[in-house]
Amino acid sequence: MSSSPQPAALPPLTGGKLALGTVAVALATFMNVLDSSIANVAVPTIAGNLGVSVDEGTWVITLFAAANAISIPLTGWLTQRVGQVKLFVASILLFVLSSWLCGMATSLPMLLAARILQGAVAGPLTPLSQSLLLSSYPKEKSSTALSLWAMTATVGPIAGPALGGWITDSYSWTWIFYINIPVGLFAAGVTWALYRHRETPSRKLPIDKIGLGALIVWVGALQIMLDKGKDLDWFNSSVIITLTIVAVVGFAFFVIWEFTEKSPIVDVKLFSQRNFAGGTIAISVAYGVFFANLVILPQWMQEYLGYRSVDAGFVTAPLGVFAVVLAPFMGKFMAKLDLRVLATLAFLGFAGVFFLRSNYTTGVDTYTLVLPTLLQGIPTAFFFVPLTAIILSGLPPEKIPAAAGLSNFVRVFVGAVGTSLAGTGWNNRTILHHSQLMEQASVNNPTFVDSMHGVQTLLHASPDKALAFFEASANTQAAMLGLNDIFWLSAVIFIMIIPLIWLTKPSKSGAAQAAAAGGH
């Protein structure tokens, strides 16, 4: 993160130290990204135990992501202030502390406060894990290092639902947070032992307080607006209108201020770089759709199909099979193929998977649920690394840390926004489909009357009970149709953002050099 040449003078790690260092850094990354999704399948349980609605419970996910997004751009400044090794280890230890606070929470406000702290201290973990891992390998092995990093970053969100479901059903939801404690302590201890002599130099730097304040204001206002919009009936609410105005004005002020500030907290001028702009927008939108679907799919299975948390988690777990198997080969693929081709194939693969899911019915079996999830692992493997290399290619070495931080910020934030939008969109489409289905519930509709008679005869039920059965069936069917709409739109979005990839001009060698520069 520091532009000092000192880290480049340090030799790469070798043998057992390299293996142990890779494991420790990867575990810290895994712990961070795991917590971005591990609560997904546990939200209904957490909400029930804390006496709140599921909609309120989803704040456990979105506030973590928003706090994480805000803190990521601070990584560059903090690294130069305290050194990357000290910052990385301190972030892990604070993450452990906040995880313990999450597990100890006895109310939703307490849990949300702990999750905000957890997301904030996790900000430096992703950029610095890349930097430390890349600095441990020879420059010619930078693609291998980046692939190993991507494998842990990819497996985390995939393993999260399965692990979260198993822990929630077998023990208690609090253990989805307590599990971070031994993992974090191990990662911090090993990292400090191996890397403390490879510290980057530190120096006092001014912090862009106005830029930071503006960032917190507009991101916070936008996130709350997205989360509460559904409950407050969107723009029929003065609160939502006020939050929208604050978010828009705050964002405009933030961009103008950062563009003119001598020491900006976020280097917005990076978006003038063609590869950075196209690659960052593409990976962020794709991640937003990808992550949002990881949230709503298990939620639907639990609420409408009767799946337990652990079962919903295991249905999503096969996504990791191909992602893990193919990730180690990414270095070879990247050396032989145009990075834009790999990214395009990934997006086409995602589109195909979501088109498959858009044909789900209320009678869907487990195999039909698992197959698209298994196939989704293939584009997932081709997702992160090529787009990350495209984003970093063509940039001078001194710009790499800022570029990595900013692209991670946009990606994580869009992931939080995507989750909110997907949840709201699903709810709105469900209401629409429910209304359309209930229009058939009329005594003037012969088909409806005949079906009601059939239900009464079959279930030996009264007319009122038969009508209640129809209502319940309509709710389930409406939710399914609404979710199919989200799947279909997700597929369309992946097709629509492919041109962004081809607006870039990546260079294989340039990408590798840029990736290597990010760690030195």
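Read on for an overview of the structure.

Parameters and conventions
- Residues numbered from 1 in each chain as written.
- Predicted model: local features only at pLDDT ≥ 70, side-chain atom pairs only at ≥ 80, totals over all residues.
- Heavy atoms only, no water.
- Helix = DSSP H or I, 4+ residues; strand = E, 2+ residues; numbered from the N terminus.
- Buried < 20%, exposed > 50% of the residue type's maximum accessible area, 1.4 Å probe, protein only.
- Areas by Shrake-Rupley, 256 points an atom, 1.4 Å probe, with all protein chains shown as cover.
- Expected span 1.5 Å × (residues − 1).
- Arc of directions from axis to C-beta.
- Phe/Tyr/Trp six-rings, centres within 6.5 Å; stacked < 30°, edge-to-face > 60°.
- Lys NZ or Arg CZ within 6 Å of the ring centre and 35° of its normal.
- Salt bridge = Lys/Arg side-chain N within 4 Å of Asp/Glu carboxyl O.
- Patch = residues over 30% accessible without salt bridge, like charges linked within 9 Å, V, L, I, M, F, W, Y side chains within 5 Å.
- Axes fitted to C-alpha atoms, helices over the stretch in contact; angles between N-to-C directions.
- Parallel < 35°, antiparallel > 145°, perpendicular 65-115°, else oblique.
- Left-handed = near helix turned anticlockwise from the far one by under 90°.
- Contact = heavy atoms within 4.5 Å.
- Nonpolar A, V, L, I, M, F, W, Y, C, P; charged D, E, K, R; others polar.
- Polar contact = N/O pair within 3.5 Å; in protein donor to acceptor, adjacent residues only side chain to side chain.
- Core = buried A, V, L, I, M, F, W, Y, C linked by side-chain atoms within 4.5 Å.

1. A closer look at the overall build of the protein
Then, number 1: Of the regular secondary structure elements, the protein holds 26 helices and 0 strands.
Then, number 2: The buried share among the 520 residues of the protein stands at 56%.
Then, number 3: Summed over its atoms, the accessible surface of the protein is roughly 21000 Å², and 68% of this surface lies on carbon and sulfur atoms.

2. Remarks on helix 8 (residues 108–121)
Then, number 1: Spanning 14 residues, helix 8 covers 20 Å between terminal C-alpha atoms, matching the ideal 20 Å at 1.5 Å per step.
Then, number 2: Of the positions making up helix 8, those classed as buried are Leu108, Leu111, Leu112, Ala114, Arg115, Gln118, Gly119 and Val121.

3. What to know about helix 17 (residues 319–326)
Then, number 1: Of all the positions in helix 17, only Leu319, Gly320, Ala323 and Leu326 are classed as buried. Down the axis of helix 17, the buried set is contained in an arc of 150 degrees. They therefore lie on one face.

4. Some points on the packing of aromatic side chains
Then, number 1: What the rule picks out here adds up to 20 aromatic pairs.
Then, number 2: Ring plane angle 20 degrees and centroid distance 4.8 Å describe the contact between Phe350 and Phe494, whose orientation is recorded as stacked. Remark: Phe494 occurs in helix 24 (residues 463–496) and Phe350 occurs in helix 19 (residues 339–357); sequence separation between them is 144 residues. The pair Phe350 / Phe494 is uniform in exposure class, with both members buried.
Then, number 3: In this structure, Lys269 is placed above the aromatic ring of Phe259, and the distance from its NZ or CZ to the ring centre is 5.3 Å.
Then, number 4: The ring of Tyr287 carries Arg411 above its face, with NZ or CZ at 4.8 Å from the centroid.

5. Looking at the pattern of salt bridges
Then, number 1: Enumeration according to the criterion identifies 3 salt bridges in this entry.
Then, number 2: The closest approach of N and O atoms between Asp485 and Arg429, which form a salt bridge, is 2.8 Å. Taken together, the residues span a long stretch of sequence, with Asp485 in helix 24 and Arg429 in helix 22 (residues 400–438) at a distance of 56 residues.
Then, number 3: Given the relative accessible area of 23%, Asp485 is considered partly exposed.
Then, number 4: The exposure class of Arg429 is partly exposed, given its relative accessible area of 33%.

6. A closer look at a nonpolar patch on the surface
Then, number 1: Where nonpolar side chains cluster on the molecular surface, the patch consists of Val341, Leu345, Leu348, Phe355, Trp488, Leu489, Ile495 and Trp502 and spans about 730 Å² of accessible area.
Then, number 2: Secondary structure elements with two or more residues in the nonpolar patch: helix 19 and helix 24.
Then, number 3: No other element matches helix 19, which puts 4 residues into the nonpolar patch.
Then, number 4: On the secondary structure map, Trp488 appears in helix 24.

7. Section: the packing of helix 19 against helix 20 (residues 366–381)
Then, number 1: At a minimum axis distance of 8 Å, the contact between helix 19 and helix 20 shows a crossing angle of 165 degrees. When the axes of helix 19 and helix 20 are compared, the pair comes out roughly antiparallel. As for the relative orientation of helix 19 and helix 20, their crossing is left-handed in sense. When helix 19 is examined against helix 20, the residues Ala346, Gly349, Phe350, Val353, Phe354, Leu356 and Arg357 are found in contact with a partner set consisting of Pro372, Thr373, Leu375, Gln376, Pro379 and Thr380.
Then, number 2: Partitioned by chemical class, the residues of the contact of helix 19 with helix 20 number 8 nonpolar, 4 polar and 1 charged.

8. Comments concerning the side chain of Asn293
Then, number 1: Looking at where Asn293 falls in the secondary structure, it is placed in helix 15 (residues 274–304).
Then, number 2: Among the polar contacts listed, one links the side chain of Asn293 to the backbone oxygen of Val289, at a separation of 2.8 Å.
Then, number 3: Setting aside residues up to four positions removed in sequence, Asn293 forms contacts with Pro298, Phe354, Ile486, Phe487 and Ser490.

9. Comments concerning the environment of Phe382
Then, number 1: Examined against the element boundaries, Phe382 turns out to sit in the loop between helix 20 and helix 21 (384–392).
Then, number 2: We classify Phe382 as buried; its relative accessible area is 14%.
Then, number 3: Between the alpha carbons of Phe382 and Leu339 there is a distance of 9.5 Å; along the sequence they are 43 residues apart.
Then, number 4: Setting aside anything within four residues of it in sequence, one finds Phe382 in contact with Leu326, Met330, Phe333, Leu342, Ala343 and Ala346.

10. Focus on the nonpolar core
Then, number 1: Among the nonpolar cores identified, the biggest contains 117 residues, and Trp300, Phe347, Phe383, Leu387, Phe409 and Phe494 are the most heavily contacted of them.
Then, number 2: Sorting elements by how many residues they give to this core places helix 15 first, with 15 residues.
Then, number 3: Once you skip the residues sitting within four places of it in the chain, Phe383 turns out to touch Ile283, Ala286, Tyr287, Ala346, Phe347 and Phe350.
Then, number 4: Counting residues in each nonpolar core, the second largest holds 19 residues, with Ile46, Leu63, Leu108 and Ala114 among its members.

Nothing here speaks to function; it is all geometry.
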